Each structure stands twice: as structure tokens, then as C-alpha cells.
Amino acid sequence: MPNEHSLIVHAAGRQLDLLRGEASRIAKGKQINWCTDRAEVGTRFCFEDAKAKEVFALTCGNFGIRCRDG
């Protein structure tokens with residue numbers, strides 16, 4: 001999957017599990033695919049849709065988890 005709609009998240013353990021669940025929920029609601037991949041620092045979450053990426057970024061912010069464009 002291309003990385004054009006991706007975020008790098010700085011989380012581990014339960015926080016990362018929580019974010020995977022949220023990413024799945026967001027993607028399912030928009031009927032798109034998503035995936036994760038290791039980044040140099042953090043985990044890259046990739047979405048097929050830019051709007052899903054924006055919603056996921058807001059979700060990260062709501063949980064107080066740092067993220068940046070990846």
C-alpha cells in the first residue's frame with residue numbers, strides 16, 4: 001500500500017494496541033484498507049483515504065499520543 005496517506009505514531013504496548021483497534025474501526029467505517037509498518041522511530045499507519053488519515057490523527061491527539069506525517 002502506498003505511504004501517501006500515512007502517519008508515524010510514537011506509541012508502544014497497550015497504546016499501540018488501542019490505536020490498531022481505532023484504525024480498524026475507522027477503516028471499516030469508510031470501507032477502506034489500512035496497514036501498519038515499522039518506521040525508524042515509531043509505527044507507520046497507512047490508509048487508502050486522506051480523510052481516514054485525518055480522523056486517525058485526531059484520534060491520536062485525543063489520546064495524547066504523538067504522531068506526524070509519514
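Residues numbered from 1 in each chain as written. Predicted model: local features only at pLDDT ≥ 70, side-chain atom pairs only at ≥ 80, totals over all residues. Heavy atoms only, no water.

**Describing unusual backbone geometry**
Stage number 1. Phi at Gln31 is positive, roughly 55°, even though this residue is not glycine.
Stage number 2. With respect to the helices and strands, Gln31 occurs in the loop between helix H1 (13–30) and strand S2 (34–38).
Stage number 3. Assessed through its relative accessible area of 73%, Gln31 is described here as exposed. (Helix = DSSP H or I, 4+ residues; strand = E, 2+ residues; numbered from the N terminus. Buried < 20%, exposed > 50% of the residue type's maximum accessible area, 1.4 Å probe, protein only.)

**Here's the deal with the environment of Gly61**
Stage number 1. For Gly61, the position within the fold is in helix H2 (residues 50–62).
Stage number 2. Distance from Gly61 to Ala39, taken between C-alpha atoms, is 19 Å for residues 22 residues apart in sequence.

**Notes on the packing of aromatic side chains**
Stage number 1. Here the structure, examined in full by the defined rule, presents three aromatic pairs.
Stage number 2. Between Phe45 and Phe56 the ring centres are 4.7 Å apart and the planes differ by 35°, which places this aromatic pair in the tilted class. Here Phe45, found in strand S3 (residues 43–47), pairs with Phe56, found in helix H2; they are 11 residues apart in sequence, far enough to count as distant. Considered together, Phe45 and Phe56 belong to a single accessibility category, that of buried residues. (Phe/Tyr/Trp six-rings, centres within 6.5 Å; stacked < 30°, edge-to-face > 60°.)

**Details of the pattern of salt bridges**
Close approach of charged atoms allows side chains with opposite charge to pair.
Stage number 1. Taken as a whole, this structure holds four salt bridges when the rule is applied.
Stage number 2. We note a salt bridge from Glu22 to Arg25, for which the minimum N-O separation is 2.7 Å. Placement of both Glu22 and Arg25 in helix H1 is noted, with a separation of three residues, approximately one turn of the helix.
Stage number 3. Assessed through its relative accessible area of 17%, Glu22 is described here as buried. (Salt bridge = Lys/Arg side-chain N within 4 Å of Asp/Glu carboxyl O.)

**Remarks on the sheet that holds strand S1 (residues 6–9)**
Strands belonging to one sheet form pairs held by backbone hydrogen bonds; the direction of such a pair is parallel or antiparallel.
Stage number 1. Pairing is antiparallel in the open sheet, where four strands are placed in the order S2-S3-S1-S4. Each having just a single partner strand, S2 and strand S4 (67–69) make up the two edges of the open sheet. Adjacent strand axes in the sheet meet at a mean angle of 25° when their direction is disregarded.
Stage number 2. With four bridges connecting them, S1 and S3 associate as antiparallel partners. (Pairing = 2+ DSSP bridges. Axes fitted to C-alpha atoms, helices over the stretch in contact; angles between N-to-C directions.)

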